[in-house]
Amino acid sequence: MGASRPNILFIMTDDHASHAMSCYGSRINQTPNLDRIANGGIRFDNCFCTNSICTPSRATILTGTYNHVNGVTTLDTPMDNTLLTFPKLLQEGGYQTAIFGKWHLGIGPAHCPTGFDDWAVLPGQGRYHNPEFIFKGPDGGTWQTVQGYATDIITDMSLDWLRARDSERPFCLLCHHKAPHRPWYSDEKHAAMYLNEEIAEPDTLYDTYENRASAAAAAEMRVGPHMDSTDLKCEVPKELPEMALRKWAYQRYIKDYLRVVASVDDNVGRLLDYLRDAGLEENTVVIYTSDQGFFLGDHGWYDKRFMYEESLRMPFVLRYPREVTPGSSNSDIVLNVDFAPLFLDLAGISIPESFQGRSFRQLLQGSAPADWREAMYYRYWMHKAHHNVYAHYGIRTRRHKLIYYYADALGQAGTIDETYEPEWELFDLLEDPRELRSVYHDPAYTGVRSRLTAELHRLQAEVGDIRYHKDKD
Ligand code: CA
């Protein structure tokens, strides 16, 4: 029985937007190895996170629950490691389990990884060069510096573990990279990439934030003005007019970002080569995703947090020759909260009632259940912290997006306690895919607005979250 259960290789990066992957039609780079997964399997075009920031998304992925349920609402709310997670269930079900790389769910005995036969993780964000790792051990693990470049090291650890595993039992390996998270330090091999090239600019690089709620203009994540010398690897010429500074800083930023992505791509290739050479391709589910999307100069920004498309959308490609037609794609709405149920389903392990997501195994095979979701719920809690992004929640359907900036810290850890009058935004993604014009106050959208507001409140209640006190029908 054991031999027929698939292995799971779950590769996840940090802040890799799908529009920097060639299998998603990137205009700015090539990712041949990530494309091997997509070309040999399926690409999901509407995979979204339920809270676009590192720690909360990771908690959702592991536990199959929303952040108001798992308690990991911000960067300052480490995960209780006694929570039920998919690796624990796989381990109990006979899988060999391991995680190497980024954890970012807290350190020490109450927060270190659990449910893994072996692990070595970066403390917090971790470093690109000569990073410290915490290795599995008593009292939350043993700290040790490892020489080299993080993406290479994490891949080496993954390969070493695969080679030493028990080949009679299935495995679930989480290879979770720090890259391409800020501050985008490349390795030597890729340092000279793009040196004499101009990278294409996104359509919205010079956004001036009109026709939207005040949150967009207030955000401090603009390429150039809100970057420092670590981000840009040189002094920032802040005397330049803002748009000239954006233009200049974009090239420096995006080249570093893409160099770091290129190393990820190479290292994913090493893992795929191993599976091929070891004869494991047929029976291994390979997933590549990232914990959320990222602004690659879109709206003049870097970073994430907002419910806008570039930040909300996660790349998600999956290869599993036994069940998935090579080169397929899917546009149904799938969420990070669905990953845990999917993995358990593929492993033939029953999905606990407490998991809020839903397995999308049937979508892998080319059809959606008739009652598959038509809308998703989102909430960003970390009011004003780091980049002055206001707390908000909202709903996205296939065509529309309704966002409510309640702009209140609500006592959440790691937030800034300054409250503003709430504001709404409504986007018609068919007419305005770049989200440049909110139609919330447009009389033509009165009906859509009421329908979406009702659906938002219905979904919010369905997942068990609480409506902001000023948000009244
Ligand atoms: Ca992240």
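Nothing here was measured: the structure is a model prediction, and the numbers come from that model.

J.: Got a minute to help me understand the coordination of the calcium ion in this structure?
T.: Where a metal carries four tetrahedral donors, each ideal angle is 109.5 degrees; where it carries six octahedral donors, the ideal angles are 90 or 180 degrees. Coordination of the calcium ion by the protein involves Asp14 (OD), Asp15 (OD), Cys54 (SG), Asp291 (OD), Asp291 (OD) and Gln292 (OE1), with metal-donor separations of 2.1 to 2.6 Å. Every donor counted, the six donor atoms about the calcium ion form angles of 52 to 162 degrees at the centre, which fits irregular coordination. Look at Asp14 and you get buried, because its relative accessible area is 0%.

J.: What am I meant to see in unusual backbone geometry here?
T.: In most cases, non-glycine residues show a negative phi, while peptide bonds are predominantly trans. Pro180 follows Ala179 through a cis peptide bond whose omega is -5 degrees. Cis peptide bonds are those with omega within 30 degrees of zero, and the linkage from Arg182 to Pro183 qualifies with 10 degrees. Even without being glycine, Tyr194 reaches a positive phi, approximately 70 degrees. Of note, Tyr194 is situated in the loop between β8 (171-176) and α6 (214-218).

J.: What should I look at first to understand the sheet that holds strand β9 (residues 284-290) in this one?
T.: Across a sheet, strands are paired by hydrogen bonds formed along the backbone, either parallel or antiparallel in direction. Taken in spatial order, the 10 strands make up an open sheet running β7-β6-β5-β4-β8-β1-β9-β10-β2-β11, and their pairing is mixed. Two strands close off the open sheet at either side, each with one partner strand: β7 (142-145) and β11 (328-330). Each neighbouring strand pair of the sheet contributes to a mean axis angle of 15 degrees, computed without reference to strand direction. Note: strand β2 (residues 42-44) against strand β10 (residues 316-319), two bridges, orientation antiparallel. Directly across from Arg43, in β10, lies its bridge partner Val317.

J.: I'm lost on the packing of aromatic side chains in this one. Help?
T.: Any pair of aromatic rings gets described here by the distance separating the centres and the angle formed by the planes. Enumeration according to the criterion identifies 34 aromatic pairs in this entry. Their ring planes at 90 degrees and their centres at 6.2 Å tell us that Trp103 and Phe116 sit as a pair that is edge-to-face. Within this pair, whereas Trp103 is found in the loop between β4 (96-102) and β5 (118-122), its partner Phe116 is found in the loop between β4 and β5, the two being separated by 13 residues in sequence. Judged by its relative accessible area of 4%, Trp103 falls in the buried class. Ring geometry for Tyr128 against Tyr149: centres 5.9 Å apart, planes inclined by 15 degrees, an arrangement best described as stacked. Here Tyr149 lies in the loop between β7 and α5 (150-164) and Tyr128 lies in the loop between β5 and β6 (132-135), a separation of 21 residues in the sequence. Its relative accessible area of 2% is what places Tyr128 among the buried residues. Among the aromatic residues, ring-to-ring pairing joins Phe10, Phe44, Phe86, Phe316, Phe339, Phe343 and Phe360 into one connected group. Directly above the aromatic system of Tyr128 lies the positively charged group of Lys178, at a separation of 4.9 Å from the ring centroid.

J.: Please clarify how the pattern of salt bridges should be interpreted in this entry.
T.: When the charged atoms of two side chains lie near each other, side chains of opposite charge can form a pair. Considering all chains together, one arrives at 40 salt bridges under this definition. The residue Asp266 makes a salt bridge to Lys189 at a minimum N-O spacing of 2.5 Å. Of the two residues, Asp266 is situated in helix α8 (residues 242-277) and Lys189 in the loop between β8 and α6; the sequence distance between them amounts to 77 residues. Given the relative accessible area of 26%, Asp266 is considered partly exposed. Via salt bridges that share partners, Glu309, Arg313, Arg396, Lys401 and Glu435 belong to a single interconnected network.

J.: What exactly am I supposed to notice about the environment of Ala444 here?
T.: Tracing the backbone through its elements, the reader meets Ala444 in the loop between β16 (423-428) and α13 (446-463). C-alpha of Ala444 to C-alpha of Tyr390: the two residues are 54 residues apart in sequence and 27 Å apart in space.

J.: Help me understand the sheet that holds strand β13 (residues 375-380) in this model?
T.: Spatially, four strands are ordered β13-β14-β15-β16 in an open sheet, and the strand pairing comes out antiparallel. Since the sheet does not close on itself, it has two edges, and those belong to β13 and β16, each with one partner. Strand-to-strand twist in this sheet, taken as the mean axis angle between neighbours without regard to direction, amounts to 10 degrees.

J.: How should the side chain of Glu310 be read in this particular structure?
T.: Looking at the element boundaries, Glu310 is found in helix α9 (residues 309-312). Lacking a salt bridge, the buried Glu310 has Arg434 as its closest oppositely charged neighbour, with an N-O distance of 5.9 Å. Beyond its immediate stretch of four places on either side in the chain, Glu310 contacts His19, Gly293, Phe294, Phe295, Asp298, His299 and Glu435.

J.: In this structure, what is going on with α5? I would like to understand it.
T.: Each α-helix winds once per 3.6 residues, and so residues spaced three or four apart point in a common direction. The end-to-end C-alpha distance of α5 is 21 Å, a good match for the 21 Å that 15 residues give at a rise of 1.5 Å each. All of the buried residues in α5 are Ala150, Thr151, Ile153, Ile154, Thr155, Met157, Ser158, Leu159, Trp161 and Leu162. The inward-facing, buried residues of α5 abut β4, β5, β6, β8 and α8.

J.: Is there a simple way to think about the packing of helix α1 (residues 32-39) against α8 in this case?
T.: The relative placement of two packed helices comes down to the angle between their axes together with the axis-to-axis distance. One can describe the packing of α1 onto α8 by two numbers: an axis separation of 7 Å at closest approach and a directional angle of 50 degrees. Taken as axis vectors, α1 and α8 run oblique relative to one another. Note on element contacts: α8 touches α1 through Asp265, Asp266, Val268, Gly269, Leu272, Asp273 and Arg276, opposite Pro32, Asn33, Leu34, Arg36 and Ile37. Grouping the amino acids of the contact of α1 with α8 by side-chain chemistry returns five nonpolar, two polar and five charged.

Cut-offs and rules
Residues numbered from 1 in each chain as written. Predicted model: local features only at pLDDT ≥ 70, side-chain atom pairs only at ≥ 80, totals over all residues. Heavy atoms only, no water. Donors = N, O, S within 2.8 Å, 3.2 Å for Na, K, Ca; no water. Tetrahedral: all angles 85-135°; square planar, octahedral: opposite > 155°, others 65-115°. Buried < 20%, exposed > 50% of the residue type's maximum accessible area, 1.4 Å probe, protein only. Helix = DSSP H or I, 4+ residues; strand = E, 2+ residues; numbered from the N terminus. Pairing = 2+ DSSP bridges. Axes fitted to C-alpha atoms, helices over the stretch in contact; angles between N-to-C directions. Phe/Tyr/Trp six-rings, centres within 6.5 Å; stacked < 30°, edge-to-face > 60°. Lys NZ or Arg CZ within 6 Å of the ring centre and 35° of its normal. Salt bridge = Lys/Arg side-chain N within 4 Å of Asp/Glu carboxyl O. Lys, Arg positive; Asp, Glu negative; His and termini not counted. Contact = heavy atoms within 4.5 Å. Expected span 1.5 Å × (residues − 1). Parallel < 35°, antiparallel > 145°, perpendicular 65-115°, else oblique. Nonpolar A, V, L, I, M, F, W, Y, C, P; charged D, E, K, R; others polar.

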